[in-house]
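So the chains spell out like this:
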Amino acid sequence: MKLCTLLVAALSFGICCEILAAAPPNIIVLVTDDHRADSLGCAGTPILHTPNLDEFARQGVRFENAFVTTSICAMSRATMMLGQYQSRHGIDDFQTSLSPAQRDASYFGRLKQEGYYLGFIGKWGVAEPSRELFDFDRGFPGQGRFFDPKHPERPHLTIRMGNQAFKFLDECPADRPFCLSISFKAAHIQDGDKETPYPFEPDLADLYADEEIPRYPLSESEFIAKQPPFLQSNEARVRWAISFDTDEKYQRNVKGHYRQISGVDRVVGRIRRKLAELGHDKNTVILFTSDNGYFLGDRGWAGKWFAHEASIRVPLIIYDPRMPRDQAGKVREEFALNIDLAPTVLDFAGLEPSEGMQGVSLKPIVEGQTPSDWRTEFYYEHTYQPETIPSSEAVRTERYKYIRYLGRDFEEFYDLETDPIEANNLIDDPKSQQLVAELKDRLTELREAAK
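Residue numbers here run from 1 along each chain, matching the order of that chain's written sequence. This being a predicted model, a pLDDT of at least 70 is required before a residue's local features are given, and a value of 80 or more before pairs of side-chain atoms are given or counted; all residues contribute to the totals for chains, interfaces and linings. To obtain the side-chain values, all non-hydrogen atoms of the structure were included, while hydrogens and water were left out.

**Quick word on the sheet that holds strand E16 (residues 411-415)**
Taken together, four strands build an open sheet; the order of strands is E13-E14-E15-E16 and the sheet is antiparallel. Two strands in the sheet have a free side with no partner beyond their single neighbour: strand E13 (377-382) and E16. Each adjacent strand pair in this sheet contributes to an overall mean axis angle of 10 degrees, direction not counted. By definition, two strands form a pair when at least two bridges between them are found by DSSP. The helix and strand labels rest on DSSP assignments: H or I over at least four residues marks a helix, E over at least two residues marks a strand, and numbering proceeds from the N terminus. Both strand E14 (residues 392-397) and strand E15 (residues 400-405) contribute to a ladder of five bridges, which runs antiparallel. Of the residues in E15, the one forming a bridge with Ala 394 is Ile 403. Contacts are residue-level and defined by heavy atoms, with any inter-residue pair within 4.5 Å sufficient. Note on geometry: axes are C-alpha line fits, over the in-contact stretch for helices, and angles between N-to-C directions span 0 to 180 degrees. The strands touched by helix H15 (residues 433-450) are E13, E14, E15 and E16; relative to E15, the strand with the most contacts, the crossing angle is about 70 degrees.

Right, dumping it as structure tokens:
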């Protein structure tokens, strides 16, 4: 009798596992703002307090070489939604919304067509939100504010967004898979607030209070003085003066930026605990990334926009509770781009990429595969507001980077193997001329392919 009971139980367990494996997974996409790749405890900045994201990385797969193809909010977010380079999707300002065709081809639109219960929380970033897509809509246009001046007693925006995520999860119908996209404002500067440019939750004030944050590399005046005048007087330099030009402001504002990241970390932990409480933790895929990197005083800049590593490299962690256990905690070296986010989300949902998507799903890599034909280079483009932010394009290979500034007689070439912080511009080195010529040709080819 006991044997029969055990056999029945085992059979039932096997059937349940098969049903769970066959069911479309729930998906959560978490996107921070102005968050450079090394600004996580697990990714190279141990002073940063990110225990929940560090644990998330230990359970999932972290991509060491994740990049954006355009380092600015609206363009990068459109790229993540559509899986396309800016050259193809054509959104190159903050006023252009998704067209109806783009809305339907986005990962949101495709999942809606498949019956997913859709939620969006936070900074939409691409002009006016496509509200008709979402069953649960808490998105907002523009930059928003961490503390609403009309309601000063209300909690910090990051906390409010966590509360909204709880509401979404509580309201999800039991008979439909869900996809929740949370687009944090943190760790973006609060534009226009020179006194408190990086507002954080008040109860995080003691975090990092006793720490002395070291300056990032290439923040020395000697390095900055060697750069051409247009790189010393652009918008990134203006923002540096707001945030980092004195030691007191540097310590205060980098700590504020770090506290914003730690605030996001707390919300991520809360959401994961809520998933477990509701029984969703065994069938919910979570992706965590950022819309672009961020200069924290390095090269004498604050902001992003340029093709240097601090600006284009972003964090990327993907967790699938159904993935092979031996993949947990892996750090993968393959190039992952923000054009890959939409195809990856669709692949986890069992869908093919939309027509015109240029990215490739990262799901096979998360599952432990090593594609033989994976990219070893990519094209970077930035054309927004050239009068204050010098337009540029670049090609980044596994070892080298070539940058050209559009309409200006200045180029950069770096050997990232020997110079990972991009301190030594080798563009005039006689030994580099053949390689530079090859990269210029390759940049032309990649530019055309991006259209």
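**Side note on helix H2 (residues 51-59)**
Relative accessible area decides the class of each residue, using a 1.4 Å probe on protein chains only: under 20% of the type maximum gives buried, over 50% gives exposed, and in between gives partly exposed. Looking at H2, one finds that the buried residues are Leu 53, Asp 54, Phe 56 and Ala 57. Projected onto a plane normal to the axis of H2, the buried residues spread over an arc of 155 degrees and lie on a single side. Tucked inside the fold, the buried residues of H2 contact strand E2 (61-63), helix H11 (247-278), strand E7 (284-290) and strand E10 (316-319). Directions from the helix axis toward the C-beta atoms define the arc.

**Let's talk about the pairing of E14**
Most of E14 sits out of view: six of its six residues are buried. Of the two faces of E14, the one lined by Ser 392, Ala 394 and Arg 396 and the one lined by Glu 393, Val 395 and Thr 397 are each fully buried. Bridge count between E13 and E14: six bridges; the pairing is antiparallel. Bridge pairing links Tyr 379 to Val 395 in E14. Here E14 folds back onto E15 in antiparallel fashion, the turn holding two residues.

**Side note on the pairing of E15**
Among the six residues in E15, five count as buried, and that is most of the element. Between the end of E15 and the start of E16, which pair antiparallel, lie five residues, with Gly 407 showing a positive phi angle near 80 degrees.

**Observations regarding the side chain of Glu 393**
Mapped onto the fold, Glu 393 is located in strand E14. Given the relative accessible area of 3%, Glu 393 is considered buried. Whenever two N or O atoms come within 3.5 Å, that pair is a polar contact, provided that in protein one can donate a hydrogen and the other can accept it, and provided that, for residues adjacent in sequence, both atoms are side-chain atoms. Within the local environment of Glu 393, its side chain forms a polar contact with the side chain of Tyr 379, the two groups lying 2.7 Å apart. Within the structure, Glu 393 has its side chain in polar contact with the side chain of Arg 404 (distance 2.4 Å). Excluding residues that lie within four positions of it along the chain, Glu 393 makes contacts with Tyr 379, Tyr 380, Glu 381, Tyr 402, Ile 403, Arg 404, Leu 406, Leu 443 and Arg 447.

**A few points about the state of the cysteines**
Pairs of cysteine sulfur atoms within 2.5 Å are identified as disulfides in what follows. Counting across every chain of the model gives zero disulfides. No disulfide involves Cys 172; its nearest neighbouring cysteine sulfur is the one of Cys 179, lying 10 Å away. Judged by its relative accessible area of 14%, Cys 172 falls in the buried class.

**With respect to the side chain of Lys 255**
As for its position among the elements, Lys 255 is in helix H11. Once residues within four sequence positions are removed from consideration, Lys 255 is found in contact with Tyr 208, Ala 209, Glu 211 and Ile 213.

**A short note on the nonpolar core**
Counting residues in each nonpolar core, the largest one holds 82 residues, and the members touching the most others are Ile 27, Phe 63, Tyr 107, Phe 108 and Leu 111. With six residues, helix H3 (residues 73-82) is the single largest residue contributor to this core. Not counting the four nearest positions on each side in its chain, Leu 111 is found in contact with Tyr 116, Leu 118, Cys 179, Val 345, Leu 346, Ala 349 and Leu 351. Nonpolar cores are built from buried Ala, Val, Leu, Ile, Met, Phe, Trp, Tyr and Cys residues. Side-chain atoms within 4.5 Å join them into one set.

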